[in-house]
Amino acid sequence: MQYDTLIQNALVLDGTGGGVFRANVAIASGKIAAVAPHLEASANHTVDAEGLCLAPGFIDVHTHDDLNVIHNPHMLEKISQGVTTVIVGNCGISASPVTLAGDPPDPLSLLGDNAQFQYPHFANYVSAVQAAQPSVNVGALVGHTAIRNNHMARLDRAATDAELAAMTGQLQEALQDGALGMSSGLAYASAKQSTTDEVLAMVKILGEAGAVYTTHLRTEFDGVLEAMNEAFYTSHTGKAPLIISHLKCAGKGNWGRSTELLQHLEGAAQTQKVACDCYPYAASSSTLDLAQVTEDTDIFITWSEPHPEHAGKTLGTIAAEWQVSLLQAAERLQPAGAVYYCMSEQDVENILRYPRTMVGSDGLPNDPHPHPRLWGAFPRVLAHYCRERKIFDLATAIHKMTGLSAAEFRLPRRGEIRAGYWADLVLFDAEKIQDTATFANPKQVATGIQSVWVNGELSYVPGQYKTGRNGQFLSRCQS
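Here's the deal with the side chain of Asn149
Part 1: By the secondary structure assignment, Asn149 is in helix α4 (residues 144-151).
Part 2: According to the relative accessible area criterion, Asn149 is buried, its value standing at 15%.
Part 3: At 3.0 Å, the side chain of Asn149 forms a polar contact with the backbone oxygen of Thr99.
Part 4: Residues in contact with Asn149, not counting those within four places in the same chain, are Val98, Thr99, Leu100, Pro105 and Leu155.

What follows is the structure, given as structure tokens:
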């Protein structure tokens, strides 16, 4: 048989978590045609992978790349990490379905400005992604906040019965058009006034459709257990699988509570389908939230509309220059973006190590000074947490970024190296892979990635900054 590509002598980590084995992997017609110790066949392209690891392409389960995959389809910041699939529409915010009467509300504004929201129906968004032909596959959630925005003149209250009926109808339409599920961002002002019953009504639609529910909890600070209970209740009652977004113990007063949180999550997992994701850093990033302003930990300002000259400084430095309090400085900077040094390294390790935890970057591609996770999250897991900290072995690390993610988000024939699966693959040097993005200099390509294939096409090699464009839109239940 004549293959398109034959990768020889690779150390294969197949995404199941089951260990490393040496094999040849053949690609034909965009899929993995064979995996075997020896393959006596010719190929149009042959790759000698001696001494290198071959894994399924990494799946970034928590992104805000909704509009980036359309307007920046090369997606260098992701494919250069070995990411071949992104899940968009997280934290209650999505590019579609959205109809704006004015400027997008916070945090919908993180995705882009008014002119970029051109997708009133989910089907419009699907068509736009397909037309853009990004270098990575795209699976999309729809945001609870985005749908609220479409049917409510004010977001600082709960939805009325009539508004909720319209919201559930729009969610049903999006699911029929291929959305993977719905996300919520109940910590944000644009959604925190929604009641548990409002969320439950939406989650029931997910349960009926066999779709997933992901949530940025109502709080990740002192009341995190109660917030988790709300998520468990809505997902269990609505019969939808639950994924808790970027699970963390936020705020210095909560450092050390990760064991408690994980035990709580594991308890719920005995009676319902639950999982979580985590980014491999002890600092978060979002818009500047006055409720998170504290003297306990540093806050780094990444942008400010009224005072752009102060981007790149800590809030404490700015407050000292202005001779005002931290809160007063934050108020004057609004609207703005920030990095919050709000977590402990030990809690991050505990959560990342937990068997139900997937890896997501949660990067903000439109931030002028993004968190380094945008460019470095996946190599950091392999370099810092696996190779250096040794919190798990290499096969486990890969599983958390591939097979586990595909299973939780119901992406058929993705996330494993297996005959008949789509050929999303990353070839890397386990001893040399390294994230180079830093908080000071975040837009840096990782080292140690040798080659990345997306649906069988070689789409990235080091130094190649014009990536292949072979990504697919991944609709729910698509084979």
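Digging into the sheet that holds strand β14 (residues 299-304)
Part 1: Sheet architecture is open: three strands sit in the order β13-β15-β14, paired in antiparallel fashion. Taken across any chain shown, the strands that pair with only one partner, and hence form the sheet edges, are β13 (284-287) and β14. Pairwise comparison of adjacent strand axes, ignoring direction, gives a mean angle of 20 degrees for this sheet.
Part 2: Sheet analysis places β13 next to strand β15 (residues 336-340), joined by four bridges and oriented antiparallel. When the sheet's bridge partners are listed, Ser284 is paired in β15 with Tyr340.

Things to note about the environment of Asp65
Part 1: Position of Asp65 relative to the elements: it lies in the loop between β6 (58-60) and α1 (68-71).
Part 2: Residue classification places Asp65 among the buried residues on the basis of a relative accessible area of 0%.
Part 3: Considered as a pair, Asp65 and Gly363 are 298 residues apart in the sequence and their alpha carbons are 8.2 Å apart.
Part 4: When residues no more than four places from it in sequence are discounted, the contact partners of Asp65 are Met75, Lys78, Val86, Val88 and Pro365.

Describing the side chain of Asn254
Part 1: In this structure, Asn254 sits in the loop between β11 (242-244) and α8 (258-269).
Part 2: If near-sequence neighbours (up to four positions away) are discounted, Asn254 is found in contact with Phe221, Asp222, Cys249 and Asp347.

As for helix α13 (residues 394-401)
Each turn of an α-helix holds 3.6 residues, which means side chains three or four residues apart point in the same direction.
Part 1: In terms of burial, α13 is largely enclosed, as six of its eight residues are buried.
Part 2: Inspection of α13 places Leu394, Ala395, Ala397, Ile398, Lys400 and Met401 among the buried residues, and these make up the whole buried set.

Considerations on the sheet that holds strand β8 (residues 137-143)
Part 1: Strand order in the open sheet formed by eight strands is β6-β7-β8-β9-β10-β11-β12-β16, and the pairing between neighbours is parallel. Edge strands, defined here as strands with exactly one partner in the open sheet, are β6 and β16 (357-359). Strand after strand, the sheet turns through a mean of 30 degrees between neighbouring axes, direction not considered.
Part 2: Pairing analysis gives three bridges linking β11 to strand β12 (residues 274-278), with the strands arranged parallel. Bridged to Ile244 within β12 is Cys276.
Part 3: Helix-sheet contacts for α4 involve β8 and β9 (181-185), and the interaxial angle to β8 is about 50 degrees.
Part 4: Of the strands in this sheet, β10 (212-216), β11 and β12 are in contact with helix α7 (residues 224-238), which crosses β11 at around 160 degrees.

Remarks on the environment of Pro355
Part 1: With respect to the helices and strands, the residue Pro355 is situated in the loop between α11 (345-353) and β16.
Part 2: Owing to a relative accessible area of 62%, Pro355 belongs among the exposed residues under this scheme.
Part 3: Setting aside residues no more than four positions away along its own chain, Pro355 makes contact with Lys400 and Leu404.

A short note on the nonpolar core
Part 1: Judged by nonpolar contacts, the single largest core of 124 residues is most densely connected at Tyr125 and Phe428.
Part 2: Residue contributions to this core peak at eight residues, all from helix α12 (residues 373-388).
Part 3: Beyond its immediate chain neighbours, meaning those up to four positions away, Tyr125 contacts Asp66, Val69, Ile70, Val88, Ala95, Ser96, Tyr119, Val138, Ala140 and Phe473.
Part 4: Counting residues in hydrophobic clusters, the runner-up holds 16 residues, among them Val12, Ile417, Leu425 and Trp453.

Considerations on helix α9 (residues 315-322)
Part 1: Listing the buried residues of α9 in full gives Leu315, Ile318, Ala319 and Trp322. End-on view of α9: buried residues confined to an arc of 100 degrees, all on one side of the axis.
Part 2: Just downstream of α9 lies Gln323, where phi reads positive at about 60 degrees.

Considerations on the packing of aromatic side chains
Part 1: For the structure shown, the criterion picks out eight aromatic pairs.
Part 2: Centre to centre, the rings of Tyr281 and Phe439 are 6.3 Å apart; their planes meet at 85 degrees, and the pair counts as edge-to-face. Linking Tyr281 in the loop between β12 and β13 with Phe439 in the loop between β17 (425-428) and β18 (449-454), this pair joins segments that are 158 residues apart in sequence.
Part 3: Taken together through their ring pairs, the aromatic side chains of Tyr119, Phe122, Tyr125 and Phe473 make up a single cluster.
Part 4: Here Arg373 stacks its cationic end above the ring of Tyr279, 4.4 Å away from the centre of that ring.

Here's the deal with the pattern of salt bridges
Part 1: For the structure on display, the rule yields 17 salt bridges.
Part 2: Ionic pairing is found between Asp60 and Lys78, a salt bridge with its closest N-O pair at 3.1 Å. Remark: Lys78 occurs in helix α2 (residues 76-79) and Asp60 occurs in strand β6; sequence separation between them is 18 residues.
Part 3: Close ionic contact of Glu416 with Arg418 constitutes a salt bridge, the shortest N to O distance being 2.6 Å.
Part 4: Its relative accessible area of 18% is what places Glu416 among the buried residues.

Digging into the pairing of strand β1 (residues 2-13)
Part 1: Across six bridges, β1 lies against strand β4 (residues 42-48) in parallel orientation. Across the sheet, residue Thr5 finds its bridge partner in β4, namely His45.
Part 2: With seven bridges connecting them, β1 and strand β2 (residues 20-28) associate as antiparallel partners. Following the sheet pairing, Val12 is matched in β2 by Phe21.
Part 3: Where β1 folds back on β2, the antiparallel hairpin that results is connected by six residues, among which Gly15 adopts a positive phi of roughly 95 degrees.

A closer look at unusual backbone geometry
Part 1: With an omega of -5 degrees, the peptide bond between Ser96 and Pro97 qualifies as cis.
Part 2: Along the chain, Gln334 connects to Pro335 via a cis peptide bond; the corresponding omega equals -10 degrees.
Part 3: Its identity as a non-glycine residue notwithstanding, Asn9 has a phi of 60 degrees, on the positive side.
Part 4: Relative to the helices and strands, Asn9 is located in strand β1.
Part 5: Phi is positive for Cys91, close to 60 degrees, though the residue is something other than glycine.
Part 6: Mapping Cys91 onto the fold places it in the loop between β7 (83-88) and α3 (122-132).

Conventions and cut-offs
- Residues numbered from 1 in each chain as written.
- Predicted model: local features only at pLDDT ≥ 70, side-chain atom pairs only at ≥ 80, totals over all residues.
- Heavy atoms only, no water.
- Helix = DSSP H or I, 4+ residues; strand = E, 2+ residues; numbered from the N terminus.
- Buried < 20%, exposed > 50% of the residue type's maximum accessible area, 1.4 Å probe, protein only.
- Polar contact = N/O pair within 3.5 Å; in protein donor to acceptor, adjacent residues only side chain to side chain.
- Contact = heavy atoms within 4.5 Å.
- Pairing = 2+ DSSP bridges.
- Axes fitted to C-alpha atoms, helices over the stretch in contact; angles between N-to-C directions.
- Core = buried A, V, L, I, M, F, W, Y, C linked by side-chain atoms within 4.5 Å.
- Arc of directions from axis to C-beta.
- Phe/Tyr/Trp six-rings, centres within 6.5 Å; stacked < 30°, edge-to-face > 60°.
- Lys NZ or Arg CZ within 6 Å of the ring centre and 35° of its normal.
- Salt bridge = Lys/Arg side-chain N within 4 Å of Asp/Glu carboxyl O.

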